[in-house]
Amino acid sequence: MGPVKSLKTMMMHQAGKFVAKIVKNADEDSLANLFRTLSVLSKEPVKSAFKKFANMAEERHPMIVSWARIFRMASPKTVEKIINNLIINEYAIGEKVRQELMHEYEVVIPKLVVISPTYACNLNCVGCYAGLYGRKYQLTKDEMASIIKQANDLGIYFFVITGGEPFVWPHMMEIFEEFNDSFFLVYTNGTLINEEKAKKLAELGNATLAISVEGFENETDWRRGRGVWEKIQNTWKLLRKHGVIFGASVTATRMNHDVLMKDEFWDFLYDQGVNYVWVYQFMPVGMNPSMDLVPTPQQRYERFFKTEEMRLGGKFAFVADFWNHGFLTNGCLAAGAKYLHINAKGYAEPCVFQQFAVDNIRDKTLLEILKSPFFTAYKRMVPYSNNLFRPCPIIDNPKVFRAMVKKFNAIPQHPGSERTITELAPELDKLAKEWKEYADKLWYELGYSEKYFAKRGVYDYQVRIKRYANDEDKLAIDKKAQ
């Protein structure tokens, strides 16, 4: 038995006695005991994080209270898998393995991998970035399994599944079952979840669904098709019935901004059992990209205050607003800094929105791609701005995006993807310039620059080692990068 397996077995044994108690009671004291135990067994930087979580549980912090409430709603297997797969495998054990392998392979290892097993979808949403290909492009089950196995070997146990529509891909449930020590977050339109799938998801426990909504019925059906809202309501009902944890994925557009600003919308999500919310600003990418639905800088600015209110409010387990919460992540997380995207063609994109690629998983290993010149150059430049409210290379620093694509001759992944760096370049430059005024106001005038700092070299191994040679400094920067 190797050191990784030994550590994993020890942690599972020590934490196991708390799992049953949490499954039964789902109270803050049980969570505090679990985090205390894991902090003793862990090494930095996760040791300090677990201590912090334990203190938060003892103090009845709203986030921990929210998680306790979620556990009480969830199926026993779901709670068990969140603790064993997400907290222990991915966070505690995985982080230690990733830190060790970072030095062995001389590359920063990301925390998660985003995979689109197919571009096929049963809907035709307005402005979808994935494009309409039918089943022309998709990964085989063996290819999908290979990616996950390679990631597991690197200490990665958390996977985000998107598409297309993941549940159109015929092997999705089989993958969840085969990789029962990993945890999956699935972005789905929710229309293909029936009683059988909901029950199976509850029995497996290692997948959570982020279901796409655009607001209420009018906004959702306008973008996704008539009757979709009604189907989502039914899916929520089934997931609640069987104890599957689920969240919402909201695309913020120029059209639905007013709805997202209303308490009524957020209260509705909470009342429906939505446990977390991802907010993604509409991006001018994909097939025939357009600026028509991109929120105005003023709307983005206004949305920040609402999503920040929700993030800190304690109702949901978490609320994340891309790209307004870049100050929490030291800027962009793409190109292997914290994650990368393997698309349905097998190409490795920096992220799902930066739809240009150099390498393919069918030709290179995941590790080779992480060490590639293309990804290394990206990571070396993060963050692209000293103002962390301008994290994105596409809409906040478009000159960086264009330079990267040109330098590495990156291949556009959709017909029309190149328009983002050609025809739309003037409009994106204008958008970035206008947003900078609002971003500077947030960063400087509201004091965020005094609380958060743009740390360069965090995600590039060579720069990191040279700049943070002192062990104490490295520890500090590792904590900051969590």
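Quick caveat: nothing in here was measured; it's all calculated off a predicted structure.

## Thoughts on the overall build of the protein chain
Move 1: For the protein chain, the count of helices and strands is 20 helices and 11 strands.
Move 2: Dimensions of the protein chain, computed from the C-alpha atoms along their principal axes, are close to 60 × 55 × 50 Å.
Move 3: Buried positions account for 60% of the 482 residues belonging to the protein chain.
Move 4: The contacts of the protein chain with a sequence gap of at least 6 include a subset with a gap of at least 24, amounting to 74%.
Move 5: Taken as a whole, the protein chain presents about 19600 Å² of accessible surface, with 52% of it coming from carbon and sulfur.

## Points about unusual backbone geometry
Move 1: Here Gly 163 and Gly 164 are connected by a cis peptide whose omega angle stands at 15 degrees.
Move 2: Among the structural elements, Gly 164 can be located in the loop between β2 (158–161) and α7 (172–178).
Move 3: Here the bond from Phe 322 into Trp 323 is cis, since omega is 15 degrees, no more than 30 degrees from zero.
Move 4: Its place among the elements puts Trp 323 in the loop between β7 (318–322) and β8 (341–342).
Move 5: Even without a glycine there, the phi angle at Ala 335 is positive, about 60 degrees.
Move 6: Mapped onto the elements, Ala 335 comes out in the loop between β7 and β8.
Move 7: For Asn 409, which is not a glycine, the phi torsion comes out positive at approximately 50 degrees.
Move 8: Relative to the helices and strands, Asn 409 is located in the loop between α16 (398–407) and β11 (411–412).

## Here's the deal with the pairing of β7
Move 1: When strand β6 (residues 276–281) meets β7, the two strands line up parallel, connected through 5 bridges. Looking at β7, one finds that Val 277 is bridged to Val 319.
Move 2: Handedness of the crossover is the feature at issue here: the chain leaves β6, passes through helix α13 (residues 297–313), returns alongside β7, and the resulting connection is right-handed.

## Quick look at a nonpolar patch on the surface
Move 1: A surface patch of nonpolar side chains, about 320 Å² in accessible area, is lined by Val 126, Trp 222 and Met 255.
Move 2: Secondary-structure assignment places Met 255 in the loop between β5 (246–252) and α11 (257–260).
Move 3: The exposure class assigned to Met 255 is exposed, which follows from its relative accessible area of 57%.

## A word on the pattern of salt bridges
Move 1: A full pass over the atoms with the stated rule returns 26 salt bridges.
Move 2: Between Arg 224 and Glu 214 there is a salt bridge, with its nearest N and O atoms 2.7 Å apart. Highlighted residues: Arg 224 in helix α9 (residues 217–224) and Glu 214 in the loop between β4 (207–213) and α9, separated in sequence by 10 residues. Each member of the pair, Arg 224 as well as Glu 214, carries the same accessibility label: buried.
Move 3: A salt bridge links Arg 419 to Glu 423, with the nearest nitrogen and oxygen atoms 3.0 Å apart.

## Notes on the side chain of Asp 221
Move 1: Mapped onto the elements of the fold, Asp 221 is located in helix α9.
Move 2: In this structure, Asp 221 is buried with no salt-bridge partner, the nearest side chain bearing the opposite charge being Arg 226 at 6.5 Å.
Move 3: At 3.3 Å, the side chain of Asp 221 forms a polar contact with the backbone nitrogen of Val 228.
Move 4: When sequence neighbours within four positions are dropped, the list of residues in contact with Asp 221 reads Arg 226, Gly 227, Val 228 and Trp 229.

## So, the packing of α13 against helix α17 (residues 425–445)
Move 1: Closest axis-to-axis distance for the α13/α17 pair is 9 Å, and the angle between their directions is 30 degrees. Relative to α17, the element α13 is oriented roughly parallel. In this structure, α13 crosses over α17, and the sense of that crossing is right-handed. Facing α13, whose interface residues are Pro 297, Gln 298, Arg 300, Tyr 301, Phe 304 and Phe 305, α17 presents Leu 431, Glu 434, Trp 435, Tyr 438, Lys 441 and Leu 442.

## Comments concerning the side chain of Gln 281
Move 1: On the secondary structure map, Gln 281 appears in strand β6.
Move 2: With relative accessibility at 3%, the residue Gln 281 sits in the buried group.
Move 3: Discounting chain neighbours no more than four positions away, the residues touching Gln 281 are Ala 252, Val 294, Pro 295, Arg 300, Arg 303, Phe 322, Trp 323 and Ile 395.

## A closer look at the packing of aromatic side chains
The geometry of an aromatic ring pair is captured by two quantities: the separation of the ring centres and the angle between the planes.
Move 1: Counted by the stated rule, this structure contains 44 aromatic pairs.
Move 2: Both rings, one in Trp 67 and one in Phe 71, keep their centres 5.8 Å apart while their planes meet at 55 degrees; by these two values the pair is tilted. Placement of the pair is Trp 67 and Phe 71 together in helix α4 (residues 62–73), with a separation of 4 residues, close to one helical turn.
Move 3: Relative to Trp 236, the ring of Trp 229 lies with its centre 6.0 Å away and its plane at 80 degrees, an arrangement referred to as edge-to-face.
Move 4: Within the aromatic cluster, the residues linked to one another by ring pairs are Tyr 301, Phe 304, Phe 305, Phe 327, Phe 389, Trp 435, Tyr 438, Trp 443, Tyr 448 and Tyr 452.
Move 5: Positioned above the aromatic ring of Trp 435, the side-chain terminus of Arg 300 is 4.0 Å from the ring centre.
Move 6: Its end group placed over the ring of Tyr 137, Lys 345 keeps NZ or CZ at 4.7 Å from the ring centre.

About the cut-offs
- Residues numbered from 1 in each chain as written.
- Predicted model: local features only at pLDDT ≥ 70, side-chain atom pairs only at ≥ 80, totals over all residues.
- Heavy atoms only, no water.
- Helix = DSSP H or I, 4+ residues; strand = E, 2+ residues; numbered from the N terminus.
- Buried < 20%, exposed > 50% of the residue type's maximum accessible area, 1.4 Å probe, protein only.
- Contact = heavy atoms within 4.5 Å.
- Areas by Shrake-Rupley, 256 points an atom, 1.4 Å probe, with all protein chains shown as cover.
- Pairing = 2+ DSSP bridges.
- Right-handed = clockwise from strand over helix to strand, strands pointing away.
- Patch = residues over 30% accessible without salt bridge, like charges linked within 9 Å, V, L, I, M, F, W, Y side chains within 5 Å.
- Salt bridge = Lys/Arg side-chain N within 4 Å of Asp/Glu carboxyl O.
- Lys, Arg positive; Asp, Glu negative; His and termini not counted.
- Polar contact = N/O pair within 3.5 Å; in protein donor to acceptor, adjacent residues only side chain to side chain.
- Axes fitted to C-alpha atoms, helices over the stretch in contact; angles between N-to-C directions.
- Parallel < 35°, antiparallel > 145°, perpendicular 65-115°, else oblique.
- Left-handed = near helix turned anticlockwise from the far one by under 90°.
- Phe/Tyr/Trp six-rings, centres within 6.5 Å; stacked < 30°, edge-to-face > 60°.
- Lys NZ or Arg CZ within 6 Å of the ring centre and 35° of its normal.

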